[in-house]
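Examining the three-dimensional arrangement
Listed here are the chains, written in short residue letters.
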Amino acid sequence: MRASKTAMPFVERPEGETLIVLGAGAVDRLRALLVRVRATRAYVVTGSTLATGSVGDRVRRALGDALVGTYAGSRPHVPDKTVDELVQDARSRRADVLVGLGGGSPIGTAKAAAFRLFESRDAASPAAIVAAIPTTYSGSEVTPFFGTTDLDQGRKSVLRSDPVRPRLALYDPELALDTPADLTASTGVNALAHCVEALYAKGATDADRSMSLRAAGRLIGDLPLAVREPRTLLYRYRLFEGSMEAGLVLAKVGMGVHHGLCHVLGGRYRAPHGVLNGIILPHAMRFNLPVAGAVYRDLARPLRLEARGADVGEKVCDAVADLVRALSLPTRLRLLGIPKTDLPSVAEAALSSRSVQANPRPVTREGALEILEAAW
Ligand SMILES: [Fe+2]
């Protein structure tokens, strides 16, 4: 499909402290954009696949001699050890910006390292800001959240730190054309979960909810299309619009039981965050039905459901489960090799998650277990 310029306008706007840039070919302006956020010594943080492929090449070309180093060892769930390595190297190269390139993991690794640099900053080793160039739909590029994982303990900690919120979020749909269909699907469902959690969050305003709904509509409509035709630029562009708004609203209102459970499961079993999102989301939504039924009604239209009747909320939850299945994502925890006998201890651990505690419907140990058993 050919996409006109009007369907994919070049967008450049500040959002709080973050400069947002969205457009085909935007990466070619990277160096000038970093200067605008007052950075000149760029250190790229990515995974091995992107580092050696055409996406990495293009970013390196755009940076020219502003590139002072590359860390290609980012891994899912951001193991503490990778953050140690990155901090040491970025410090020795006097980087003033860590550019997270790729999915939620490299961007999260850049944030975690920037957090350490910020905490220990002094005249000899100054702090570095974060810039992010996403190739998936995790939304991490616009949030102050990041997780790190102690692999020995199997424990993931999620922190919020405003100084590490990226100062530049650069979305170039051309860089996402090679993102595999399964990663597109799983990270897209993660973005949808951000919309859902923002919809039922305690502090959400009408403006937050309408932004969530707009983003959810875009994701629900375009995810199946992008999974079917991964190399269509227009779908990549529109998914970025959706995941950006989903991330922005999540950053404002925070997370609930859905993300709390996904973080505990991710830290313990190292399953991808997006895959866990697909499995848990319909069940977390059902758990929250008693408090969120009215806001789910607004999701009926994008899901192409009749918005009338007393059971719209249930139908919305079922339709989200159908969407996950249609995207060929796993729908059961057991498919990830998680033993059923572990679920009570996962439920127990979830109770100390701040996201679980912030859920609009209070979550007891039994409540958390009910969601996990339904998802097993
Ligand atoms: Fe998420």
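The structure presented is a predicted model; accordingly, all values stated were derived computationally and were not measured.

Conventions adopted
- Starting from 1, residues in each chain are numbered consecutively following that chain's sequence as written.
- Reporting in this predicted model follows two pLDDT cut-offs: at least 70 for local features of residues, and 80 or more for side-chain atom pairs to be given and counted; totals over whole chains, interfaces and linings ignore these cut-offs and use all residues.
- For the purposes of this entry, the term helix denotes a DSSP run of H or I that reaches at least four residues, the term strand denotes a run of E that reaches at least two, and both are numbered from the N terminus.
- This radius of gyration counts C-alpha atoms alone. The globule rule is 2.2 Å times how many residues there are, raised to the power 0.38.
- Exposure in this text rests on C-beta crowding, where 20 or more other C-beta atoms within 10 Å of a residue's own make it buried, 12 or fewer make it exposed, and counts in between make it partly exposed. The C-beta atoms are placed from the backbone.
- A pair of residues counts as a contact when their C-beta atoms, built from backbone coordinates, are within 7 Å of each other.
- Expected helix span is taken as 1.5 Å per residue step, with the number of steps being one fewer than the number of residues.
- Each residue is assigned a bend, namely the angle between axes fitted to the seven residues that terminate at it and the seven residues that start at it.
- Orientation is described by axes fitted as lines to C-alpha atoms, over the contacting stretch for helices, and by angles from 0 to 180 degrees between their N-to-C directions.
- Our angle categories are set so that under 35 degrees counts as roughly parallel, over 145 as roughly antiparallel, 65 to 115 as roughly perpendicular, and the remainder as oblique.
- Definitions for this section: a left-handed crossing has its near helix turned counterclockwise from the far helix by less than a right angle. A right-handed crossing has that turn clockwise.
- Whether two strands pair comes down to DSSP finding at least two bridges between them.
- Each C-beta atom gives one direction from the helix axis, and the arc is the one those directions make.
- Segmentation of the chain into domains, including their bounds, is taken from an automatic or database domain assignment.
- In this count, Pro and Cys sit with the nonpolar residues alongside Ala, Val, Leu, Ile, Met, Phe, Trp and Tyr, while Asp, Glu, Lys and Arg are called charged and the others, Gly among them, polar.
- Any nonpolar core is a set of buried residues, restricted to Ala, Val, Leu, Ile, Met, Phe, Trp, Tyr and Cys, that join up through C-beta atoms within 7 Å.

1. Side note on the overall build of the protein chain
The secondary structure content of the protein chain amounts to 15 helices and nine strands. Relative to the compact-globule value of 21 Å for 376 residues, the protein chain shows a C-alpha radius of gyration of 20 Å, a close match. Within the protein chain, the proportion of its 376 residues that are buried is 52%. In the protein chain, the share of contacts with a sequence separation of at least 24, taken over all contacts with a separation of at least 6, comes to 77%.

2. Brief notes about helix 7 (residues 206-228)
Its 23 residues place the ends of helix 7 34 Å apart at the C-alpha level, agreeing with the 33 Å of an ideal helix rising 1.5 Å per residue. D222 marks where helix 7 bends most, by close to 35°; the proline P224 follows one to four residues later. Within helix 7, the full set of buried residues consists of M211, S212, L213, A215, A216, R218, L219, I220, D222, L223, A226 and V227. On the buried face of helix 7, the contacting elements are helix 6 (181-200), helix 8 (233-253) and helix 12 (312-326).

3. Considerations on the packing of helix 6 against helix 7
At a closest axis distance of 9 Å, the pairing of helix 6 and helix 7 adopts a crossing angle of 160°. One element, helix 6, and the other, helix 7, form an angle in the roughly antiparallel class. Crossing of helix 6 over helix 7 shows left-handed handedness. The segment helix 6 lies against helix 7, with A181, T184, A185, G188, A191, L192, C195, A198 and L199 engaging D208, R209, S212, A215, A216, L219, I220, L223, A226 and V227.

4. A short note on the environment of R91
By secondary structure assignment, the location of R91 is in helix 4 (residues 80-92). Note on R91: 18 C-beta atoms within 10 Å, which makes it partly exposed. A C-alpha to C-alpha distance of 23 Å links R91 and T52, two positions 39 residues apart in sequence. Here R91 is in contact with L117 and S125, once residues within four sequence places are set aside.

5. A word on the sheet that holds strand 5 (residues 97-102)
The seven strands lie next to each other as 1-2-9-6-5-3-4, forming an open sheet whose pairing is mixed. Only two strands of the sheet have a single partner each, and these edge strands are strand 1 (11-15) and strand 4 (67-71). The average undirected angle you get between the axes of adjacent strands in this sheet is 15°. Direction of pairing for strand 1 relative to strand 2 (residues 18-22): antiparallel, over a ladder of five bridges. Its bridge partner being in strand 2, V11 is matched across the sheet by L22. Along the sheet, helix 4 makes contact with strand 3 (42-45), strand 4 and strand 5, crossing strand 4 at roughly 165°. Those strands touched by helix 5 (residues 104-119) are strand 3, strand 5 and strand 6 (129-134), and its axis lies near 160° from that of strand 5.

6. Quick notes on the pairing of strand 7 (residues 145-150)
Strand 7 sits mainly inside the fold: five of its six residues count as buried. Bridge analysis of strand 7 against strand 8 (residues 155-160) gives six bridges, and the strand direction is antiparallel. From the neighbouring strand, F146 faces strand 8, where its bridge partner is L159. What sits between strand 7 and strand 8 in their antiparallel hairpin is a turn of four residues, with G154 showing a positive phi close to 65°.

7. A look at helix 11 (residues 289-296)
Each turn of an α-helix holds 3.6 residues, which means side chains three or four residues apart point in the same direction. Listing the buried residues of helix 11 in full gives A292, V295 and Y296. In an axial view of helix 11, the angular spread of the buried residues amounts to 95°, which keeps them on one side of the axis. More than 90 degrees from the buried face of helix 11, the exposed residues found are P290 and A294. In this structure, the buried residues of helix 11 make contact with helix 6, helix 7 and helix 12.

8. Here's the deal with the domain arrangement of the protein chain
In terms of domains, the protein chain is made up of domain 1 (11-175) and domain 2 (180-375). Of the residues lining the interface, 26 residues belong to domain 1; the matching set on domain 2 comes to 25 residues. Among the elements that make up the side of domain 1 that touches domain 2, the one with the highest residue count is strand 8 (three residues). Across the side of domain 1 that touches domain 2, the residue classes tally to ten nonpolar, eleven polar and five charged.

9. Structural notes on the nonpolar core
Ranked by size, the top nonpolar core spans 122 residues in total, and within it V97, L98, V99 and L261 carry the most contacts. Sort the elements by how many residues they give to this core and helix 8 lands first, with eleven residues. Mapping this core onto the domain boundaries places at least three of its residues in each of domain 1 (11-175) and domain 2 (180-375). Residue contacts for L261: discarding those within four places in its chain leaves I280, A284, A350, A368, I371 and L372.

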